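Survey of secondary and tertiary structure
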Amino acid sequence: MAASAKPRVAILISGRGSNMASLIAAAQAPDYPAEIALVAANRPAAGGLAHAAGHGIPTRALDHTAYPSREAFDAALQAELVATRIDLVCLAGFMRIFSAGFVEAWAGRMINIHPSLLPLFKGVHTHEQALRAGVRLHGCTVHYVVPELDAGPIIAQAAVPVRPGDDPDALAARILVQEHRLYPQALALVAGGRVRLNGERVVFSDGLAPADGALLSL
Ligand code: GAR
């Protein structure tokens, strides 16, 4: 009997791809509800490409500097995603803003991980922002992508305490550990149909109620 088809996922990266690697590792479990079908980077030197290729995953490097406009790059990427029959897109350290048309084409089917507890600390240098603000909890967020940067409906979050003496690197390292836990769990929820986007709200299936103090905002 043929196994039922899993959603085909493209992971988009710009650099080392440690979150990508955590998704690839999770998807190796037979019962994981998604298949990683493509890894694409906007920088040919992105370190994660070799890791993905080493795991037998098709890779593409689309050098954004070779395209005359944002729209032209997005169109080339879209063509790759369509050719690879992609169902869901995961941004994993993809440091490039999309045109609104590309985001709208993937509405409800594209998610991102961001290294802060959104809606706090959007954009870059999130750990510096958190230390400057003096928050006692910081963390990471997986959210649906909407045209406004880091503003999409939230799927899941993980928090870490800010410790006395923390600097941005120490904080980044502890949060990255949580990113690597959170993103595979969040993708599993989306790919398994247990969360979905309904307008501007994330809708959860029944039974996804975590205990107080849980790391995940499920
Ligand atoms: C991760 O910390 C991710 O949350 C962040 O970039 C890093 C990529 O690391 N993403 C953003 O800042 C997106 N705005 P990785 O390449 O090792 O996964």
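To be clear, the structure that these remarks concern was listed above.
Residues numbered from 1 in each chain as written. Predicted model: local features only at pLDDT ≥ 70, side-chain atom pairs only at ≥ 80, totals over all residues. Heavy atoms only, no water.

**A closer look at the sheet that holds strand 5 (residues 110-114)**
Two modes of strand pairing occur in sheets, parallel and antiparallel, and in both the strands are linked by backbone hydrogen bonds. Here is the rule: A pair of strands is labelled paired if DSSP reports no fewer than 2 bridges between them. Only DSSP runs of H or I reaching four residues or more are called helices, and only runs of E reaching two or more are called strands; each is numbered from the N terminus. Orientation is described by lines fitted to C-alpha atoms, with helices fitted over the stretch in contact, and by angles between N-to-C directions that extend from 0 to 180 degrees. Contacts are assigned to residue pairs with any non-hydrogen atoms lying within 4.5 Å of each other.
Ordered by their spatial adjacency, 7 strands build an open sheet running 3-2-1-4-5-6-7, and the pairing between neighbours is mixed. Strand pairing shows two members of the sheet lacking a second neighbour, strand 3 (59-61) and strand 7 (154-161), which therefore form its edges. Recorded for the sheet is a direction-independent mean angle of 20° between the axes of neighbouring strands. Bridge count for strand 1 (residues 8-13) against strand 4 (residues 88-91) is 4 bridges, and the pairing is parallel. If you follow Ile 11 over to strand 4, its bridge partner there is Cys 90. Here helix 3 (residues 70-83) sits on the sheet in contact with strand 1, strand 2 (35-41), strand 3 and strand 4, set at roughly 160° to strand 2.

**Remarks on helix 5 (residues 126-133)**
Rules: Only protein chains enter the accessibility calculation, which uses a 1.4 Å probe; a residue is then buried when its area is under 20% of its type maximum, exposed when over 50%, and partly exposed in between. The arc in question is formed by the directions pointing from the helix axis toward the C-beta atoms.
Of all the residues in helix 5, the buried ones are Thr 126, His 127 and Ala 130. End-on view of helix 5: buried residues confined to an arc of 100°, all on one side of the axis. Tucked into the core, helix 5 has its buried residues touching strand 5, strand 6 (137-144) and helix 6 (168-191). Count one or two residues on from helix 5 and you reach Gly 134, which has phi positive near 75°.

**Concerning the environment of Ser 69**
Note that Ser 69 resides in the loop between strand 3 and helix 3. For Ser 69 and Leu 171, which are 102 residues apart along the polypeptide, the C-alpha to C-alpha distance reads 36 Å.

None of this, on its own, says anything about what the molecule does.
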